[in-house]
Amino acid sequence: MRHRFLTTLVSSLCVLFAASAYADERPTLTVYTYDIFARKVITPELRQQFEAQCQCQLNMVGLGDAGNIMSRLQLEGTKTQADVVLGIDNNQRAEARRSGLFAPLPTDLGTPTLPIDWQDKTFMPVDWGWFTFVYDSQKVPTPPASLDELINSDLRVVLEDPRTSTPGLGMLLWMKSVYGDKAAERWQQLARHTVTVSRNWSEAYGLFLHGEADAVLSYSTSPAYHIEKEGEHRYKAMNLSEGLYMQIELAGKLASSAHPREADQFLAFIARPEFQQRMLVTNWMYPAWHDSEIKRPAGYYQDTFTPSHTFMMDDATLDAHRKAWVREWQSAMSGARR
């Protein structure tokens, strides 16, 4: 009996060691993204499903806010450990392309289902939405109907920094799209009732939820979270008459990746209906792929939320003027607070 037990034990240990050795031999696919995506979107089920498909290990690296991703890549250059980047957006696309760090996308991804025509062989859309201000309807029963009204109001608002936050950069370009050469003047007016400028969306939205502000720069889809997860209908999105600025979150493959096959598989995995469905209720953005196959929860009342105009800055204009516009914003905001 003892010999039989020892034989069984040795066999079991051999199986465990073999499995462990196999796991160690599998390639590790490293994805740079932002914290919320790394923690909430990639569920254990999705991870296991992808790892079984690619015969690899998935390493999701959260880098705080999406605004930090390009900074990290530029610092690391071709020595980066990242195989895939997920979470830069259309406003960072020109900067990302200029870096020369990205490889072409796989050719068999199909066609995204965005509300605009999308032609890009380097960056694939992941999801999309509109930037706007979210407000507490119990504090603000009659919200501003236009960006002008908001700027001229006395509502306490929280903004995000365009240097470190993608919503902050979106707001910068939204203001520039609407007001052009008068944007600095409008920033000064808005600064007078801005509670603070946060480094990232999470910090700003947290301040808003804790009652530090009446409104916060966020997304038109943000109220869906409160409806679906909390049964709370008090938080609403402003559909401002000038129109709203569109954000498209992107993914791309690094040219220096040691695992290009697995990187291509991950990009294809993102575009699958089950992944897009999951993001709808974790990332709270509209799907960029297979839209007709995605079932939107009832909380997405924004299915009827259509702005009068959608703004999106072209890459060439943004690349040429972004630094100057950030300096203009800094000067206007600091000058108004003196």
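This text goes with the structure placed above it.
Residues numbered from 1 in each chain as written. Predicted model: local features only at pLDDT ≥ 70, side-chain atom pairs only at ≥ 80, totals over all residues. Heavy atoms only, no water.

Contact pair helix H7 (residues 166-179) / helix H8 (residues 183-191): the axes reach a minimum separation of 9 Å and the direction vectors enclose 125°. Viewed along their axes, H7 and H8 adopt a mutual orientation that is oblique. Both H7 and H8 take part in a crossing whose hand is right-handed. Only Ala183, Arg186, Trp187 and Leu190 of H8 make contact with H7, whose side of the interface consists of Met171, Leu172, Met175, Lys176 and Tyr179. (Axes fitted to C-alpha atoms, helices over the stretch in contact; angles between N-to-C directions. Helix = DSSP H or I, 4+ residues; strand = E, 2+ residues; numbered from the N terminus. Parallel < 35°, antiparallel > 145°, perpendicular 65-115°, else oblique. Left-handed = near helix turned anticlockwise from the far one by under 90°. Contact = heavy atoms within 4.5 Å.)

One recurring pattern in soluble globular proteins: nonpolar side chains tend to sit buried together. With 97 residues, the main nonpolar core has Phe133, Trp174, Trp187 and Phe266 as its most contacted residues. Setting aside anything within four residues of it in sequence, one finds phenylalanine 266 in contact with Leu29, Val31, Phe50, Leu58, Met60, Val84 and Leu86. (Core = buried A, V, L, I, M, F, W, Y, C linked by side-chain atoms within 4.5 Å. Buried < 20%, exposed > 50% of the residue type's maximum accessible area, 1.4 Å probe, protein only.)

Those residues of helix H3 (residues 44-54) not exposed but buried are Leu46, Phe50, Glu51 and Cys54. Relative to the axis of H3, the buried residues are bounded by an arc of 125° and lie together on one face. What points out from H3, more than 90 degrees from its buried face, is the exposed set Pro44, Glu45 and Gln48. Taken together, the buried residues of H3 touch strand E1 (28-33), helix H2 (35-41), strand E2 (57-62), helix H11 (260-270) and helix H12 (273-280). Count one or two residues on from H3 and you reach glutamine 55, which has phi positive near 55°. (Arc of directions from axis to C-beta.)

Among the six residues of strand E3 (residues 84-89), six are classified as buried, and the element is accordingly described as predominantly covered. Sheet topology note: the E1/E3 ladder contains two bridges and is parallel. Among the inter-strand pairings, tyrosine 32 is bridged to a residue of E3, identified as valine 85. Looking at chain direction, E3 and strand E10 (residues 244-254) are connected through five bridges and run antiparallel. Bridged to valine 84 within E10 is lysine 253. (Pairing = 2+ DSSP bridges.)

Turning to the environment of alanine 204, a few remarks are in order. In this structure, alanine 204 sits in helix H9 (residues 201-209). Overall, the relative accessible area of 0% leaves alanine 204 in the buried class. Residues alanine 204 and valine 158, 46 residues apart in the sequence, show an inter-C-alpha distance of 6.0 Å. In this structure, alanine 204 is in contact with Val158, Leu159, Glu160, Ser198 and Val216, ignoring residues within four places of it in sequence.

This next bit is on the environment of threonine 80. By secondary structure assignment, the location of threonine 80 is in the loop between helix H4 (67-76) and E3. In this structure threonine 80 comes out as buried when scored by relative accessible area, which is 7%. Note: C-alpha distance between threonine 80 and tyrosine 135 (55 residues apart in sequence) is 40 Å. When residues no more than four places from it in sequence are discounted, the contact partners of threonine 80 are Tyr32, Leu73, Leu254 and Ser256. At a separation of 3.1 Å, a polar atom in the side chain of threonine 80 contacts the main-chain amide nitrogen of alanine 82. (Polar contact = N/O pair within 3.5 Å; in protein donor to acceptor, adjacent residues only side chain to side chain.)

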